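One-letter residues, chain by chain:
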Amino acid sequence: SYQSALGLYNSALEILRSCSADQSRPAAMVVGSIGVALKIQGKNDEAQKRFVEALEIFAAAGMASTPDSAEILVHLANLAADLARFEDAKQQFQKAIRILEDC
C-alpha cells in the first residue's frame, strides 16, 4: 500500500539525513517520491510541500538545474494541472523544459 511505502520512504530519509557524507541527491529524490505517493493518495497539499522541499534540497546542494530537479518540477506541474491551476502548471513545465534544454 502507499501508506506502507510512505513509512519506508520516511525511514530511508532518516537514514540518509544521518549519514556524514553528502546525501543531498538521494534525500531529494526520496522526498520527491514521498510527494508522489501523497499525490496518489489525494493528499495534494502535503504532496506539494514535499515537492517544494525536494527542490529546496537540490537548490541548497547547487543542483537546481539538473534533470532530477526538472523531474520534481514536472511532478509539481502535474499536481497544479490536476487542481486546475493551469498557469502554475505551465510555469513549472516551462522551468523543467529550460533545465532539460540546457543539459
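Residues numbered from 1 in each chain as written. Predicted model: local features only at pLDDT ≥ 70, side-chain atom pairs only at ≥ 80, totals over all residues. Heavy atoms only, no water.

1. Here we look at helix H5 (residues 86-101)
- Look at H5: 22 Å from first C-alpha to last across 16 residues, which is about the 22 Å you get at 1.5 Å a residue.
- Of all the positions in H5, only Ala89, Gln92, Ala96 and Ile99 are classed as buried. Buried residues along H5 cover an arc of 90° about the axis, so they all sit on one side. Seen from the open side of H5, the exposed residues pointing more than 90 degrees away from its buried face are Phe86 and Glu101.
- If you follow the buried residues of H5, they end up packed against helix H4 (67-82). (Helix = DSSP H or I, 4+ residues; strand = E, 2+ residues; numbered from the N terminus. Expected span 1.5 Å × (residues − 1). Buried < 20%, exposed > 50% of the residue type's maximum accessible area, 1.4 Å probe, protein only. Arc of directions from axis to C-beta. Contact = heavy atoms within 4.5 Å.)

2. Quick word on the packing of H4 against H5
- At a minimum axis distance of 8 Å, the contact between H4 and H5 shows a crossing angle of 165°. The orientation of H4 with respect to H5, classified from their angle, is roughly antiparallel. The element H4 and its partner H5 pack so that their crossing is left-handed. Contacts from Pro67, Ser69, Ala70, Leu73, Val74, Leu76, Ala77, Asn78, Ala80 and Ala81 in H4 reach Phe86, Asp88, Ala89, Gln92, Phe93, Lys95, Ala96, Ile99 and Leu100 in H5.
- Taken together, the residues that form the contact of H4 with H5 break down as 14 nonpolar, three polar and two charged. (Axes fitted to C-alpha atoms, helices over the stretch in contact; angles between N-to-C directions. Parallel < 35°, antiparallel > 145°, perpendicular 65-115°, else oblique. Left-handed = near helix turned anticlockwise from the far one by under 90°. Nonpolar A, V, L, I, M, F, W, Y, C, P; charged D, E, K, R; others polar.)

3. Digging into the confidence of the model for the protein chain
- For the protein chain, mean pLDDT is 92; residues scoring 70 or higher make up 98% of the total.
- Mean pLDDT across the elements of the protein chain bottoms out in helix H1 (residues 2-18) (84) and peaks in H4 (97). (pLDDT = per-residue confidence, 0-100.)

4. Comments concerning helix H3 (residues 44-60)
- Helix length check: H3, at 17 residues, gives a terminal C-alpha distance of 24 Å against a target of 24 Å (1.5 Å per residue), a fit within 8%.
- Here H3 has its buried residues at Ala47, Phe51, Ala54, Leu55, Ile57 and Phe58. Taken end-on, H3 shows its buried residues confined to a sector of 155°, consistent with a single buried face. Among the exposed residues of H3, those oriented more than 90 degrees off its buried face are Asp45, Lys49, Glu56 and Ala60.
- Summarising the contacts, the buried residues of H3 are in contact with H1, helix H2 (24-40) and H4.
- Trailing H3 by a residue or two, glycine 62 shows a phi angle of about 75°, which is positive.

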